[in-house]
2 protein chains.
Amino acid sequence: MTTQKEAQSEETCPAQGLLKLLSGKWKPELFRLAVEAPLRFSSVLRQIEGSNKQTLSVALKELEEVGLLERVVIKQKPLHVEYNLTEKGISLIPIFKQLESIS
Amino acid sequence: MTTQKEAQSEETCPAQGLLKLLSGKWKPELFRLAVEAPLRFSSVLRQIEGSNKQTLSVALKELEEVGLLERVVIKQKPLHVEYNLTEKGISLIPIFKQLESIS
DNA sequence: ACAATAAGTCAAAAAAAGATGACTACACAA
DNA sequence: TTGTGTAGTCATCTTTTTTTGACTTATTGT
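The name that an unreviewed UniProt entry assigns to chain A is Transcriptional regulator, HxlR family, with the source organism given as Flavobacterium urocaniciphilum.

Per the UniProt record, the feature "domain: HTH hxlR-type" (unreviewed entry) sits at residues 13-103 of chain A. Helix makes up 57% of residues 13-103 of chain A and strand 13%, and the two end C-alpha atoms of the span are 22 Å apart.

On to the relation of the copies chain B and chain A. The two copies are related by a screw motion: chain B maps onto chain A through a turn of 178° and a shift of 0.0 Å along the axis, at an RMSD of 0.3 Å. Both copies are brought into coincidence by an operation consistent with a two-fold rotation axis. The residues that chain B uses at the interface reappear at the interface of chain A in 96% of cases, marking a shared surface.

What follows is about the environment of Leu 92 of chain B. Mapped onto the secondary structure, Leu 92 of chain B falls in helix α6 (residues 87-102). Separated by 57 residues in sequence, Leu 92 of chain B and Val 35 of chain B have C-alpha atoms that sit 10.0 Å apart.

What follows covers the environment of Gly 50 of chain B. Mapped onto the secondary structure, Gly 50 of chain B falls in the loop between α4 (41-47) and α5 (53-65). Along the primary structure Gly 50 of chain B and Arg 40 of chain B are separated by 10 residues, whereas in three dimensions their C-alpha atoms are 17 Å apart.

Turning to the protein's contact with DNA strand C, a few remarks are in order. Taken together, 18 residues form the shell around DNA strand C, and within it Ser 42 and His 80 of chain A together with Lys 25, Asn 52 and Gln 54 of chain B come nearest. Of all the secondary-structure elements, those providing two or more residues to the surface near DNA strand C are α4 (41-47), α5 (53-65) and β2 (80-85) of chain A together with α5 of chain B. For the surface near DNA strand C, a count of residues per class yields three nonpolar, 10 polar and five charged.

Opposite the 25 residues of chain B that make contact, chain A presents 24 residues. Contributions of two or more residues to the side of chain B that touches chain A are made by α2 (16-21), α3 (27-36) and α6 of chain B. Looking at the side of chain B that touches chain A, its residues break down into 12 nonpolar, nine polar and four charged.

Around DNA strand D there are 18 residues in total, and Asn 52, Gln 54 and Leu 79 of chain A together with Ser 42 and His 80 of chain B lie nearest to it. Breaking the surface near DNA strand D down by element, the ones donating at least two residues are α5 of chain A together with α4, α5 and β2 (80-85) of chain B. Considering only residue class, the surface near DNA strand D consists of three nonpolar, 10 polar and five charged.

Residue and element names in this part refer to chain A. With six bridges joining them, strand β1 (residues 69-74) and β2 adopt antiparallel strand pairing. What sits directly across from Ile 74, in β2, is His 80. Here β1 folds back onto β2, and the loop between the two strands holds five residues, one of which, Leu 79, carries a positive phi near 50°.

What counts as what
Residues numbered from 1 in each chain as written. Chains lettered and ligands numbered in written order. Predicted model: local features only at pLDDT ≥ 70, side-chain atom pairs only at ≥ 80, totals over all residues. UniProt positions renumbered as here; feature names shortened; annotations may be inferred. Helix = DSSP H or I, 4+ residues; strand = E, 2+ residues; numbered from the N terminus. Least-squares fit on C-alpha atoms with pLDDT ≥ 70 in both. Contact = placed C-beta atoms within 7 Å. Near = placed C-beta within 6 Å. Nonpolar A, V, L, I, M, F, W, Y, C, P; charged D, E, K, R; others polar. Pairing = 2+ DSSP bridges.

Pasting the structure below:
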(Lines give C-alpha, C1' and ligand atoms only; values in the text may rest on other atoms or scores of the structure.)
Protein backbone atom coordinates (compact mmCIF):
# COMPACT_ATOMS: atom_id res chain seq x y z
CA MET A 1 0.00 0.00 0.00
CA THR A 2 2.98 2.22 -0.22
CA THR A 3 4.07 2.13 -3.82
CA GLN A 4 1.37 1.42 -6.29
CA LYS A 5 -0.61 4.18 -7.87
CA GLU A 6 1.79 6.67 -6.41
CA ALA A 7 4.46 5.93 -8.94
CA GLN A 8 2.15 7.20 -11.61
CA SER A 9 1.47 10.56 -10.06
CA GLU A 10 5.09 11.11 -9.18
CA GLU A 11 6.59 13.49 -11.63
CA THR A 12 9.75 12.36 -13.27
CA CYS A 13 10.10 15.61 -15.15
CA PRO A 14 10.41 18.68 -12.93
CA ALA A 15 9.23 21.20 -15.49
CA GLN A 16 6.14 19.17 -16.18
CA GLY A 17 4.16 20.78 -13.39
CA LEU A 18 4.44 24.30 -14.71
CA LEU A 19 4.01 23.13 -18.24
CA LYS A 20 0.89 21.30 -17.31
CA LEU A 21 -0.59 24.25 -15.55
CA LEU A 22 -0.18 26.32 -18.66
CA SER A 23 -1.53 23.66 -20.90
CA GLY A 24 -5.13 23.57 -21.73
CA LYS A 25 -6.77 25.34 -24.57
CA TRP A 26 -7.24 28.78 -23.05
CA LYS A 27 -4.75 29.08 -20.23
CA PRO A 28 -1.86 30.65 -22.13
CA GLU A 29 -4.24 33.22 -23.54
CA LEU A 30 -5.73 33.90 -20.11
CA PHE A 31 -2.26 34.35 -18.74
CA ARG A 32 -1.32 36.75 -21.50
CA LEU A 33 -4.42 38.84 -20.92
CA ALA A 34 -3.77 38.81 -17.19
CA VAL A 35 -0.35 40.32 -17.83
CA GLU A 36 -2.03 43.25 -19.55
CA ALA A 37 -4.77 43.89 -17.02
CA PRO A 38 -6.78 42.21 -14.28
CA LEU A 39 -9.21 39.73 -15.72
CA ARG A 40 -12.96 39.86 -15.45
CA PHE A 41 -14.95 36.79 -16.19
CA SER A 42 -17.50 38.20 -18.56
CA SER A 43 -15.03 40.30 -20.47
CA VAL A 44 -12.59 37.49 -21.15
CA LEU A 45 -15.56 35.43 -22.20
CA ARG A 46 -16.21 38.07 -24.83
CA GLN A 47 -12.56 38.75 -25.64
CA ILE A 48 -11.46 35.18 -26.23
CA GLU A 49 -13.68 34.12 -29.02
CA GLY A 50 -14.43 30.47 -29.29
CA SER A 51 -14.10 30.07 -25.56
CA ASN A 52 -16.88 29.20 -23.20
CA LYS A 53 -17.97 29.81 -19.61
CA GLN A 54 -17.33 26.35 -18.32
CA THR A 55 -13.80 25.94 -19.57
CA LEU A 56 -12.79 29.45 -18.64
CA SER A 57 -14.25 28.98 -15.22
CA VAL A 58 -12.26 25.81 -14.67
CA ALA A 59 -9.11 27.33 -16.16
CA LEU A 60 -9.32 30.39 -13.91
CA LYS A 61 -9.90 28.17 -10.93
CA GLU A 62 -6.87 26.07 -11.79
CA LEU A 63 -4.65 29.05 -12.42
CA GLU A 64 -5.75 30.27 -9.03
CA GLU A 65 -5.08 26.93 -7.37
CA VAL A 66 -1.53 26.77 -8.63
CA GLY A 67 -0.98 30.29 -7.42
CA LEU A 68 -0.58 32.19 -10.65
CA LEU A 69 -3.75 34.23 -10.31
CA GLU A 70 -5.71 35.45 -7.35
CA ARG A 71 -9.41 36.02 -7.30
CA VAL A 72 -10.43 39.33 -5.78
CA VAL A 73 -13.97 40.47 -5.13
CA ILE A 74 -14.16 44.20 -5.68
CA LYS A 75 -16.77 45.51 -3.32
CA GLN A 76 -17.05 48.95 -4.88
CA LYS A 77 -19.80 50.33 -7.00
CA PRO A 78 -19.98 48.09 -10.03
CA LEU A 79 -19.27 45.18 -7.64
CA HIS A 80 -17.38 42.55 -9.55
CA VAL A 81 -14.62 39.98 -9.49
CA GLU A 82 -11.09 40.44 -10.68
CA TYR A 83 -8.33 37.94 -11.28
CA ASN A 84 -4.87 39.36 -10.75
CA LEU A 85 -1.44 37.95 -11.39
CA THR A 86 0.32 36.88 -8.21
CA GLU A 87 4.03 37.24 -7.54
CA LYS A 88 4.54 33.77 -8.90
CA GLY A 89 2.55 34.72 -11.97
CA ILE A 90 4.69 37.79 -12.48
CA SER A 91 7.83 35.71 -12.19
CA LEU A 92 6.63 33.77 -15.16
CA ILE A 93 6.47 36.75 -17.48
CA PRO A 94 10.14 36.74 -18.53
CA ILE A 95 9.88 33.06 -19.32
CA PHE A 96 6.93 33.75 -21.55
CA LYS A 97 8.84 36.48 -23.28
CA GLN A 98 11.69 34.09 -23.95
CA LEU A 99 9.32 31.49 -25.29
CA GLU A 100 7.86 34.06 -27.62
CA SER A 101 11.27 35.07 -28.87
CA ILE A 102 12.07 31.50 -29.82
CA SER A 103 8.99 30.63 -31.80
CA MET B 1 -14.03 32.57 -47.83
CA THR B 2 -11.35 34.69 -46.33
CA THR B 3 -12.13 34.88 -42.67
CA GLN B 4 -14.07 32.02 -41.26
CA LYS B 5 -12.37 28.96 -39.85
CA GLU B 6 -9.06 30.70 -40.15
CA ALA B 7 -9.71 32.89 -37.19
CA GLN B 8 -9.77 29.79 -35.05
CA SER B 9 -6.42 28.43 -36.11
CA GLU B 10 -4.77 31.81 -35.95
CA GLU B 11 -2.85 32.06 -32.77
CA THR B 12 -3.63 35.04 -30.66
CA CYS B 13 -1.08 34.08 -28.06
CA PRO B 14 2.50 33.89 -29.38
CA ALA B 15 3.80 31.62 -26.68
CA GLN B 16 0.95 29.21 -27.21
CA GLY B 17 2.73 27.37 -29.99
CA LEU B 18 5.73 26.44 -27.90
CA LEU B 19 3.59 25.70 -24.92
CA LYS B 20 1.38 23.46 -26.96
CA LEU B 21 4.30 21.59 -28.38
CA LEU B 22 5.50 20.78 -24.95
CA SER B 23 2.14 19.77 -23.70
CA GLY B 24 1.01 16.24 -24.01
CA LYS B 25 1.63 13.47 -21.62
CA TRP B 26 5.15 12.48 -22.59
CA LYS B 27 6.66 15.39 -24.44
CA PRO B 28 8.34 17.15 -21.52
CA GLU B 29 9.87 13.87 -20.49
CA LEU B 30 11.01 13.13 -24.04
CA PHE B 31 12.56 16.55 -24.21
CA ARG B 32 14.35 16.06 -20.93
CA LEU B 33 15.76 12.72 -22.05
CA ALA B 34 16.79 14.26 -25.37
CA VAL B 35 18.84 16.83 -23.49
CA GLU B 36 20.79 14.01 -21.90
CA ALA B 37 21.37 11.91 -24.98
CA PRO B 38 20.02 11.22 -28.44
CA LEU B 39 16.76 9.32 -28.26
CA ARG B 40 16.12 5.91 -29.63
CA PHE B 41 12.59 4.74 -30.07
CA SER B 42 12.76 1.40 -28.38
CA SER B 43 14.84 2.60 -25.49
CA VAL B 44 12.56 5.50 -24.57
CA LEU B 45 9.68 3.08 -24.84
CA ARG B 46 11.41 1.05 -22.15
CA GLN B 47 12.66 4.03 -20.15
CA ILE B 48 9.40 5.91 -19.87
CA GLU B 49 7.23 3.48 -18.11
CA GLY B 50 3.55 3.76 -18.72
CA SER B 51 4.16 5.09 -22.19
CA ASN B 52 3.29 3.35 -25.41
CA LYS B 53 4.47 3.09 -29.00
CA GLN B 54 1.65 4.98 -30.56
CA THR B 55 1.74 8.03 -28.36
CA LEU B 56 5.53 8.21 -28.34
CA SER B 57 5.58 7.88 -32.07
CA VAL B 58 3.17 10.77 -32.47
CA ALA B 59 4.98 12.85 -29.87
CA LEU B 60 8.35 12.35 -31.54
CA LYS B 61 6.86 13.23 -34.89
CA GLU B 62 5.36 16.40 -33.49
CA LEU B 63 8.54 17.42 -31.73
CA GLU B 64 10.25 16.89 -35.05
CA GLU B 65 7.65 18.90 -36.95
CA VAL B 66 8.05 21.93 -34.73
CA GLY B 67 11.78 21.69 -35.12
CA LEU B 68 12.89 20.71 -31.65
CA LEU B 69 14.14 17.27 -32.59
CA GLU B 70 15.57 15.86 -35.77
CA ARG B 71 15.24 12.29 -36.84
CA VAL B 72 18.48 10.77 -38.05
CA VAL B 73 18.90 7.34 -39.53
CA ILE B 74 22.22 5.93 -38.48
CA LYS B 75 23.42 3.72 -41.31
CA GLN B 76 26.25 2.18 -39.36
CA LYS B 77 26.46 -1.25 -37.92
CA PRO B 78 23.61 -1.54 -35.49
CA LEU B 79 21.51 0.45 -38.02
CA HIS B 80 19.03 2.48 -36.08
CA VAL B 81 17.27 5.79 -35.73
CA GLU B 82 18.22 8.65 -33.44
CA TYR B 83 16.34 11.73 -32.46
CA ASN B 84 18.62 14.66 -31.67
CA LEU B 85 17.93 18.07 -30.27
CA THR B 86 18.09 20.80 -32.89
CA GLU B 87 19.47 24.29 -32.33
CA LYS B 88 15.98 25.41 -31.49
CA GLY B 89 15.65 22.57 -29.05
CA ILE B 90 18.91 23.52 -27.40
CA SER B 91 17.77 27.11 -27.10
CA LEU B 92 14.89 25.84 -25.03
CA ILE B 93 17.06 24.27 -22.36
CA PRO B 94 17.63 27.43 -20.29
CA ILE B 95 13.90 28.10 -20.35
CA PHE B 96 13.26 24.65 -18.98
CA LYS B 97 15.78 25.27 -16.25
CA GLN B 98 13.98 28.45 -15.29
CA LEU B 99 10.64 26.70 -15.28
CA GLU B 100 12.08 24.12 -12.96
CA SER B 101 13.40 26.76 -10.63
CA ILE B 102 9.99 28.37 -10.25
CA SER B 103 7.92 25.36 -9.42
C1' DA C 1 -41.61 45.76 -10.88
C1' DC C 2 -38.95 44.20 -14.90
C1' DA C 3 -35.04 43.53 -17.53
C1' DA C 4 -30.12 43.27 -17.89
C1' DT C 5 -25.43 42.21 -16.42
C1' DA C 6 -22.01 39.67 -13.76
C1' DA C 7 -20.34 35.46 -12.28
C1' DG C 8 -20.94 31.47 -12.16
C1' DT C 9 -22.86 25.89 -11.79
C1' DC C 10 -24.59 21.49 -13.70
C1' DA C 11 -25.48 17.64 -16.76
C1' DA C 12 -24.91 15.89 -21.08
C1' DA C 13 -22.75 15.62 -25.71
C1' DA C 14 -18.91 16.00 -28.75
C1' DA C 15 -14.14 16.14 -29.73
C1' DA C 16 -9.38 15.28 -28.79
C1' DA C 17 -5.76 12.65 -26.67
C1' DG C 18 -3.98 8.44 -25.07
C1' DA C 19 -3.77 3.23 -24.64
C1' DT C 20 -3.97 -1.55 -26.53
C1' DG C 21 -3.10 -5.21 -29.42
C1' DA C 22 -2.31 -6.96 -33.94
C1' DC C 23 0.46 -6.45 -37.72
C1' DT C 24 4.43 -4.89 -41.12
C1' DA C 25 9.24 -4.38 -42.91
C1' DC C 26 13.96 -4.67 -42.50
C1' DA C 27 18.38 -6.31 -40.64
C1' DC C 28 21.00 -9.74 -38.37
C1' DA C 29 22.26 -14.02 -35.89
C1' DA C 30 22.08 -18.98 -34.98
C1' DT D 1 14.65 -20.84 -41.88
C1' DT D 2 13.44 -19.50 -37.67
C1' DG D 3 13.86 -16.25 -34.24
C1' DT D 4 15.08 -11.63 -32.27
C1' DG D 5 15.49 -6.58 -32.24
C1' DT D 6 14.37 -2.04 -34.08
C1' DA D 7 11.06 1.11 -35.72
C1' DG D 8 7.22 1.79 -36.62
C1' DT D 9 1.64 1.77 -38.56
C1' DC D 10 -3.32 0.80 -38.15
C1' DA D 11 -7.85 0.18 -36.23
C1' DT D 12 -10.26 0.30 -32.22
C1' DC D 13 -11.34 1.35 -27.43
C1' DT D 14 -11.05 4.22 -23.34
C1' DT D 15 -10.20 8.36 -20.92
C1' DT D 16 -9.79 13.14 -20.62
C1' DT D 17 -10.92 17.76 -22.31
C1' DT D 18 -13.81 20.90 -24.30
C1' DT D 19 -18.30 22.51 -25.75
C1' DT D 20 -23.26 23.40 -25.38
C1' DG D 21 -27.21 24.94 -23.33
C1' DA D 22 -30.22 25.40 -19.49
C1' DC D 23 -30.37 27.21 -14.99
C1' DT D 24 -28.98 30.10 -10.58
C1' DT D 25 -28.11 34.08 -7.44
C1' DA D 26 -27.07 38.62 -6.60
C1' DT D 27 -26.76 43.37 -8.01
C1' DT D 28 -27.96 47.22 -10.89
C1' DG D 29 -30.55 50.22 -14.22
C1' DT D 30 -35.19 52.06 -15.95
